[in-house]
Amino acid sequence: MTDRYAVIGNPISHSKSPLIHKMFAQQTAQDIRYEAIEAPLDNFAGKVYELITQGYRGCNVTVPFKFEAFKLATELSDRAQAAQAVNTLRFNGDGIFGDNTDGAGLVTDITHNLNCELSNKRVLLVGAGGAAWGVLLPLLNEVPQRLVIANRTVAKAEEAAQTLLSGFTEHISHSTEFVARGFSDLVDEEFDVVINATSAGLTDSEIPLPPTLFAPRALAYDMMYGRETPFMKFARTHGAAVVADGLGMLVEQAAEAFYLWRGVRPDTRAVLEQLRGTKC
Ligand code: ATR
C-alpha cells in the first residue's frame, strides 16, 4: 500500500516540497504519496490528528507551525530540542516523533554541495529568530573555531547562546568559542562563513553589517531562496568569494526527512540540479 506523507503550513500553495519528495520517491523507487496541506491557523493539532487517523506515516511542518509541532511531539530528537522547533513529524503508531532537519540540511549543503568545511572555521550566524535557532546545534556539531550569533536585538542572540550553552554543553566542543554579539561589535572581525538567518530578505531590507566581515575566500550563505537578497548583493560587493542561496538547504532538509521516514538517502545533487535548471 502506498505510504502517505504531507507538508503542513499556512499558506502552503508555494511549497516545493511535494515536487522534491516526488523526485526522491521516483529516484529511490519508494512507494509514497506526498501532498501539500493547509491547516487552519488555529487548528494545527487537529489537522495532524486527522492525518494520523487517515493512516499517514508522517509530515513536514512549515511556517507558522514549527513551534506547535514541537509542543505536539511526544518524543523529540536532540536537534529538535535545541531548536525548540520541529519541521518533521513521524507517526509511530502510539506516539509522534518530532525532529528538526533544517540545520542538518544547511550543514550538508555547505559542506557537501558547496565543498566548504565548517570545522575550524570562523562562522557568523546572523539572526536569532526561529530560523537561527533551528541551525545552531548542527553548526556547533561541526566544531567551528568560532561561532558568533549576531542579531539586531542583541538580547535575543544572547538568549539563544545561553540556552545552548546551558542545555547542550555536552554537544559543544571546548575548542569552539561560541559567543553572542550585536552588529556593531563585529567591526574588527573577519569570518570564513557568514550565514544570513534573518527574515530581512523577505522585505528586501539591508542588514546593517560591517562591510569588512568577509575573509578572503569567504562563503556568504542566505537561508532564503528564490531571488538575490540585499544580503547576497552586499556579500558580493564586499569580497565574499562564494555567495549561495538556501535552495540547497531546502533540498537537503527534505532529504534528511525522507531518510528519517524511509531509511533511504536520495541523491540530492540530481534533484538540486533539476530544480535550478527548471527554476521551479
Ligand atoms: P524566522 O522564524 O524567519 O527566524 P523571526 O523569528 O520573526 O523569523 O526572526 C526574524 C529574525 O530576522 C530576527 O533575528 C530579526 O531581528 P530582531 O530579533 O532584531 O527583530 C531579524 N530581522 C528581520 N528584519 C531584519 C532587518 N531588516 N535587519 C536585521 N535583522 C532583521
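Residues numbered from 1 in each chain as written. Predicted model: local features only at pLDDT ≥ 70, side-chain atom pairs only at ≥ 80, totals over all residues. Heavy atoms only, no water.

Engineer: Talk me through the environment of Arg276; I want residue IDs and the actual numbers.
Structural biologist: Along the chain, Arg276 falls in helix H10 (residues 268–278). When the C-alpha atoms of Arg276 and Glu159 are compared, they prove to be 37 Å apart, with 117 residues separating the residues in sequence. Residue contacts for Arg276: discarding those within four places in its chain leaves Asp245, Leu247 and Gly248. A polar atom in the side chain of Arg276 sits 3.3 Å from the side chain of Asp245. (Helix = DSSP H or I, 4+ residues; strand = E, 2+ residues; numbered from the N terminus. Contact = heavy atoms within 4.5 Å. Polar contact = N/O pair within 3.5 Å; in protein donor to acceptor, adjacent residues only side chain to side chain.)

Engineer: A description of the sheet that holds strand S9 (residues 177–181) should follow, citing residues and the corresponding values.
Structural biologist: Ordered in space as S9-S8-S7-S10-S11-S12, the six strands form an open sheet in which the pairing is parallel. The sheet is open, and its two borders are formed by S9 and strand S12 (242–244), each paired with just one other strand. Between one strand and the next, the sheet's axes are offset by a mean angle of 15 degrees, whatever the strand orientation. Sheet analysis places strand S10 (residues 191–196) next to strand S11 (residues 214–222), joined by five bridges and oriented parallel. (Pairing = 2+ DSSP bridges. Axes fitted to C-alpha atoms, helices over the stretch in contact; angles between N-to-C directions.)

Engineer: Explain the packing of aromatic side chains residue by residue, including any values.
Structural biologist: Under the criterion given, the structure shown has six aromatic pairs. Connected via pairs of aromatic rings, a cluster forms that spans Tyr5, Tyr34 and Trp261. The ring of Tyr259 has Arg265 lying over it, and the distance from NZ or CZ to the ring centre is 3.8 Å. (Phe/Tyr/Trp six-rings, centres within 6.5 Å; stacked < 30°, edge-to-face > 60°. Lys NZ or Arg CZ within 6 Å of the ring centre and 35° of its normal.)

Engineer: So what about helix H6 (residues 130–141)? Which residues, and what values?
Structural biologist: Residues lying three or four places apart along an α-helix face the same way, a consequence of the helix completing one turn every 3.6 residues. Taking burial as the measure, the 12 residues of H6 include nine buried ones, the bulk of the element. Looking only at H6, the buried set comprises Ala132, Trp133, Gly134, Val135, Leu136, Leu137, Pro138, Leu139 and Leu140. Where H6 ends, the next residue or the one after it, Val143, has phi of about 55 degrees, a positive value. (Buried < 20%, exposed > 50% of the residue type's maximum accessible area, 1.4 Å probe, protein only.)

Engineer: Let's hear about the packing of helix H1 (residues 17–28) against helix H9 (residues 247–262): which residues, and what values?
Structural biologist: For the pair H1 and H9, interaxial distance at closest approach is 10 Å and the crossing angle is 55 degrees. It follows from the interaxial angle that H1 and H9 lie oblique. As for how H1 packs across H9, the hand of that crossing is right-handed. Across from Ile20, His21, Phe24, Ala25 and Thr28 in H1, the residues of H9 making contact are Leu250, Val251, Ala254, Ala255, Phe258 and Trp261. A per-class count over the contact of H1 with H9 returns nine nonpolar, two polar and no charged. (Parallel < 35°, antiparallel > 145°, perpendicular 65-115°, else oblique. Left-handed = near helix turned anticlockwise from the far one by under 90°. Nonpolar A, V, L, I, M, F, W, Y, C, P; charged D, E, K, R; others polar.)

Engineer: Hey, could you go over the packing of helix H5 (residues 102–113) against H9 for me, with residue numbers and the actual values?
Structural biologist: Packed helix pairs are characterised by how far apart their axes lie and by the angle those axes make with each other. Interaxial distance between H5 and H9 falls to 7 Å at its minimum, and their mutual angle equals 120 degrees. Comparing the axis directions of H5 and H9 gives the class oblique. You can see that H5 and H9 cross each other, and the crossing is right-handed. Of H9, the residues touching H5 (which contributes Asp102, Ala104, Gly105, Leu106, Thr108, Asp109 and Asn113) are Gly248, Met249, Glu252, Gln253 and Glu256.

Engineer: Describe unusual backbone geometry, and please don't skip the residues or the numbers.
Structural biologist: Note the cis peptide between Asn10 and Pro11, where omega equals 5 degrees. Secondary-structure assignment places Pro11 in the loop between strand S1 (3–9) and H1. In this structure, the amide linkage connecting Val63 to the following residue, Pro64, adopts the cis form with an omega of 5 degrees. Relative to the elements of secondary structure, Pro64 occurs in the loop between strand S3 (58–61) and helix H3 (66–72). A positive phi angle, close to 55 degrees, is found at Asn115, a residue other than glycine.

Engineer: With reference to specific residues and values, describe the site of the ligand.
Structural biologist: Close to the ligand lie 15 residues, the nearest being Ala131, Asn151, Arg152, Thr153 and Lys156. Within the side chain of Asn151, one N or O atom sits 2.7 Å away from an oxygen atom of the ligand. Take Arg152: an N or O atom from its side chain is 2.9 Å from an oxygen atom of the ligand. Here the ligand, which alone exposes 640 Å², has 71% of that area covered by the protein. (Near = heavy atom within 4 Å. Areas by Shrake-Rupley, 256 points an atom, 1.4 Å probe, with all protein chains shown as cover.)

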